[in-house]
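# Coordinate inspection notes
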Amino acid sequence: MASDISPKAYVSPKAKIGDNCKVFPFAYIEDDVEIGDNCVVYPFVSILDGTRMGKNNKVYQGASLGALPQDFKFTGEQSELVIGDDNIIRENVVINRATNKGGKTVIGNNNFLMEGVHISHDTVVGDNCVFGYGTKIAGRCEIHNGVIFSSSVIENAKTRVGRLAMVQAGTTFSRDVPPYIIAGGKPVTYGGPNNTMMTAAGIETKRQKHVANAYRLIFHGQNSVFDSVLQINEQIPDGPEIRDIINFINATEKGIIGKM
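What counts as what
Residues numbered from 1 in each chain as written. Predicted model: local features only at pLDDT ≥ 70, side-chain atom pairs only at ≥ 80, totals over all residues. Heavy atoms only, no water. Helix = DSSP H or I, 4+ residues; strand = E, 2+ residues; numbered from the N terminus. Rg over C-alpha atoms; globule rule 2.2 N^0.38 Å. Buried < 20%, exposed > 50% of the residue type's maximum accessible area, 1.4 Å probe, protein only. Contact = heavy atoms within 4.5 Å. Areas by Shrake-Rupley, 256 points an atom, 1.4 Å probe, with all protein chains shown as cover. Lys, Arg positive; Asp, Glu negative; His and termini not counted. Charge placed at Lys NZ, Arg CZ, Asp CG, Glu CD. Pairing = 2+ DSSP bridges. Core = buried A, V, L, I, M, F, W, Y, C linked by side-chain atoms within 4.5 Å. Axes fitted to C-alpha atoms, helices over the stretch in contact; angles between N-to-C directions. Parallel < 35°, antiparallel > 145°, perpendicular 65-115°, else oblique. Left-handed = near helix turned anticlockwise from the far one by under 90°. Nonpolar A, V, L, I, M, F, W, Y, C, P; charged D, E, K, R; others polar. Phe/Tyr/Trp six-rings, centres within 6.5 Å; stacked < 30°, edge-to-face > 60°. Lys NZ or Arg CZ within 6 Å of the ring centre and 35° of its normal. Salt bridge = Lys/Arg side-chain N within 4 Å of Asp/Glu carboxyl O.

### Some details on the overall build of the chain
- Across its full length, the chain carries four helices and 28 strands.
- Since a compact globule built from 260 residues should have a radius of gyration of about 18 Å, the 20 Å found for the chain is in line with a globular shape.
- The principal-axis extent of the C-alpha atoms belonging to the chain is close to 65 × 40 × 30 Å.
- Every one of the 260 residues in the chain was classed for burial, and the buried ones make up 50%.
- Within the chain, contacts between residues separated by at least 24 positions form 31% of all contacts whose residues are at least 6 apart in sequence.
- Accessible surface computed for the chain: about 12,000 Å², of which carbon and sulfur atoms make up 52%.
- Distance from the positive charge centre (26 side chains) to the negative charge centre (27 side chains) of the chain: 4 Å.

### Comments concerning the sheet that holds strand β10 (residues 58–59)
- Strands sit in the order β1-β4-β7-β10-β13-β16-β19-β22-β25-β27-β28 across an open sheet of eleven strands; the sheet is mixed. What marks the edges here is a single partner per strand, and that holds for β1 (4–5) and β28 (189–193).
- Where strand β25 (residues 166–167) and strand β27 (residues 181–184) come together, two bridges link them in parallel fashion. By the bridge assignment, V167 is partnered in β27 with A183.

### A closer look at the nonpolar core
- F131 and F149 are the most contacted members of the largest nonpolar core, which has 64 residues in total.
- Counting only elements with at least two residues in this core, the list comes to β6 (33–35), β12 (80–83), β27, α2 (205–220), α3 (225–235) and α4 (240–250).
- The element best represented in this core is α2, accounting for six residues.
- Those residues within four positions of F131 in sequence are excluded, and the remaining contacts are F112, L113, M114, V117, I119, V125, I137, I143 and F149.

### Thoughts on the packing of α2 against α3
- Two numbers describe how α2 lies on α3: the axes approach to 9 Å, and their chain directions differ by 150°. It follows that α2 is roughly antiparallel to α3 by the angle criterion. The chirality of how α2 crosses α3 is right-handed. Facing A214, L217 and I218 of α2, the residues of α3 in contact are S228, Q231, I232 and Q235.
- Broken down by class, the residue content of the contact of α2 with α3 amounts to four nonpolar, three polar and no charged.

### Focus on the packing of aromatic side chains
- Counted by the stated rule, this structure contains eight aromatic pairs.
- Aromatic pair Y190 and Y215: ring centres 5.7 Å apart, planes at 40°, arrangement tilted. In this pair, Y190 is assigned in strand β28 and Y215 in helix α2, connecting sequence segments 25 residues apart.
- Assessed through its relative accessible area of 17%, Y190 is described here as buried.
- Grouped by ring-pair contacts, the aromatic residues F24, Y42 and Y60 constitute a single cluster.
- Stacked on the ring of F248, the Lys or Arg R160 has its end atom at 3.8 Å from the ring centre.

### Observations concerning the pattern of salt bridges
- Applying the stated criterion across every chain, the model contains eleven salt bridges.
- We note a salt bridge from K73 to D71, for which the minimum N-O separation is 3.3 Å.
- Residue K73 is classed as exposed on the basis of its relative accessible area, which comes to 55%.
- In this structure, D176 and R160 form a salt bridge, with 3.0 Å as the shortest nitrogen-oxygen distance. Taken together, the positions of D176 in the loop between β26 (172–173) and β27 and R160 in strand β24 (residues 160–161) put the pair 16 residues apart, joining distant regions of the chain.
- A residue is classified by how much of its surface remains accessible, and D176, at 1% relative accessible area, is buried.
- The exposure class assigned to R160 is buried, which follows from its relative accessible area of 10%.
- Several salt bridges share partner residues, and in doing so they unite D32, E34, R52 and E80 into one network.

Given below as structure tokens:
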């Protein structure tokens, strides 16, 4: 089915628009843009060069996709913003493309970005994440599947958030948030395992208890993070969640919240 593009929208003839899309009046779509099937682009949306968007996405008023990176190292290189399928991008969201030639900012599938969210250059977001009102994600961050940010969260540059973690409203953090936990407060601290999301993801109660015991060793013990990981290997039954935790912590460069 042909797409419905308002004559009052500006859509470059070089842009590639899929089937059955709807583009409302006053939308602005530049040359080097690809949009998949069944997308909706509401009024006053800007979709800029380097944006590659999959199917079934909805982009609401005032959003700017593929905006130039707010990075002093950027000198006009050709880079991309790659967005998957089934995302909802609400009003006034800004997502920057990457800084360096060939680089990509990546948004996965089935994410919900609420009003005023900003995702900065070179950040990689997985699937099924929720970004609350006014949340700001700095450059080169890594956000795994199923993460929830409440409103007005600030994630500083080059940090990571693990699978099924939740970051509470108003939290600012500059270290990694491990998987399966709740984090919040000022300064940010460990708030316990995220049992609600683990249950929703089908993780059985016994394995949730293993996760809780692993984090008890990390956050409530007197050992270093390195020694806590050794204890987890020795004391906690193996499983996919435990391996996620160990691999995430072993890969940290910034350190994890609540630990030196």
